[in-house]
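Here's the letter readout for the chains.
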Amino acid sequence: MRVTIIGIGLIGGSMAITLKDRKFASTIIGVDANPQHAEKALALGLVDEISDWKDAVDQSDIIIFATPINVTERILPAVLERCHQQVVLDVGSTKKTLCDTIEDSPNRSRFVATHPMWGTEFSGPQAAINGAFDDKATVICDREKSAPDALELAERLYRTLGMNIIYMNSEEHDVHVAYVSHISHITSFALANTVLEKEKEEDTIFGLASGGFESTVRLAKSNPGMWIPILMQNRDNILDVLNEHIAQLRKFKACLEKENYEYLSELINRANEIRRILK
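Here goes a summary of the coordinates provided. (Residues numbered from 1 in each chain as written. Predicted model: local features only at pLDDT ≥ 70, side-chain atom pairs only at ≥ 80, totals over all residues. Heavy atoms only, no water.)

### A word on the pattern of salt bridges
Thought 1: By the definition in use, this model includes 14 salt bridges.
Thought 2: A salt bridge links Lys95 to Asp90; the shortest N-O distance between them is 2.9 Å. There is no split in this pair, since Lys95 and Asp90 are both buried.
Thought 3: Close ionic contact of Lys253 with Glu257 constitutes a salt bridge, the shortest N to O distance being 2.5 Å. With Lys253 and Glu257 both in helix H11 (residues 235–257) and four residues apart, the pair spans about one turn of that helix. Across the pair, Glu257 and Lys253 agree in class, each one exposed. (Salt bridge = Lys/Arg side-chain N within 4 Å of Asp/Glu carboxyl O. Buried < 20%, exposed > 50% of the residue type's maximum accessible area, 1.4 Å probe, protein only. Helix = DSSP H or I, 4+ residues; strand = E, 2+ residues; numbered from the N terminus.)

Structure (structure tokens):
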């Protein structure tokens, strides 16, 4: 099994090293627009060789897009044009716009839209982790539009990575990730900016930042080159979530302004119900 990974960063690199280690892939071909990333991935043993995308696609069984979603959207149609037996996957955080882009492609059935729900605040091939996807969820979208053999191979790949598979349509996926992923990043970016604006003593931030603050603001270290396209593509769903989030923040603000500590306790107790879902 020859696997091409386009974009050898955190996700692509982690998939590469795990698929090779678990004997799913005999050869991993890396494609990356950043020469330093390509060299680093080769030096770290994440990939067996580096190639341009056309040669890589022609000699591969599976092509995985692990690039920012705007890059995937631009290149995917051309990749699909070269694919007749190959299977193409993407791992992007939004799906509807991408799936609409290739809806009329003659080779649409060779594409499987996926989203492995794992990541960290770090980026680049040096951030890759072997076994990172174990026991995490991955979403496969619009499976009825993929050829049966393409879908089966994508499912086998994700089971090799140790992931649990969830099926959704692309529109449903984008709504749900706005609530459980995208809003978390915006909240983290905003909190980091709040602290940086008000607390001018960097040593104080470093010295007093305990587990609570550090874990909440961790995502603020995420790469803007990846997240700006996500927020652009999922804008409408994220605005809905933001409006609700802002309304919740206003409730806490009003409790403190009016010294309504009984309602404040009610809000916190209601929030504690998340324990039933997240153990």
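What follows picks up the thread again.
### A look at the packing of H11 against helix H12 (residues 261–271)
For any two helices packed against each other, one specifies the crossing angle of their axes together with the interaxial distance.
Thought 1: Between H11 and H12, whose axes approach to 8 Å, the crossing angle comes to 150 degrees. Classified by the angle between their axes, H11 and H12 sit roughly antiparallel to one another. Regarding H11 and H12, the two cross each other, and that crossing is left-handed. Here Lys251, Phe252, Cys255 and Leu256 of H11 come into contact with H12, specifically with Tyr261, Tyr263, Leu264, Leu267, Ile268 and Arg270.
Thought 2: For the contact of H11 with H12, a count of residues per class yields eight nonpolar, no polar and two charged. (Axes fitted to C-alpha atoms, helices over the stretch in contact; angles between N-to-C directions. Parallel < 35°, antiparallel > 145°, perpendicular 65-115°, else oblique. Left-handed = near helix turned anticlockwise from the far one by under 90°. Contact = heavy atoms within 4.5 Å. Nonpolar A, V, L, I, M, F, W, Y, C, P; charged D, E, K, R; others polar.)

### Some thoughts on the layout of surface pockets
Thought 1: Approximately 1,200 Å³ is the volume attributed to the largest pocket.
Thought 2: Along the walls of the largest pocket sit 45 residues, with Leu10, Ile11, Met226, Trp227 and Ile230 positioned nearest its centre.
Thought 3: Of the residues contributing to the lining of the largest pocket, the split by class is 22 nonpolar, 19 polar and four charged.
Thought 4: Volume-wise, the second largest pocket comes out at about 1,000 Å³.
Thought 5: Lining the second largest pocket are 18 residues, with Tyr179, His245, Gln248, Ala271 and Ile274 sitting closest to its centre.
Thought 6: Mapped by element, the contributors of at least two residues to the lining of the second largest pocket are helix H7 (170–198), H11 and H12.
Thought 7: Per-element accounting of the lining of the second largest pocket gives the leading share, six residues, to H11. (1 Å grid on protein atoms, 1.4 Å probe; cavity = no way out; pocket = protein on both sides within 12 Å on 5 of 7 lines; lining within 4 Å. Points joined across faces, edges and corners; volume = space filled by probe spheres on them.)

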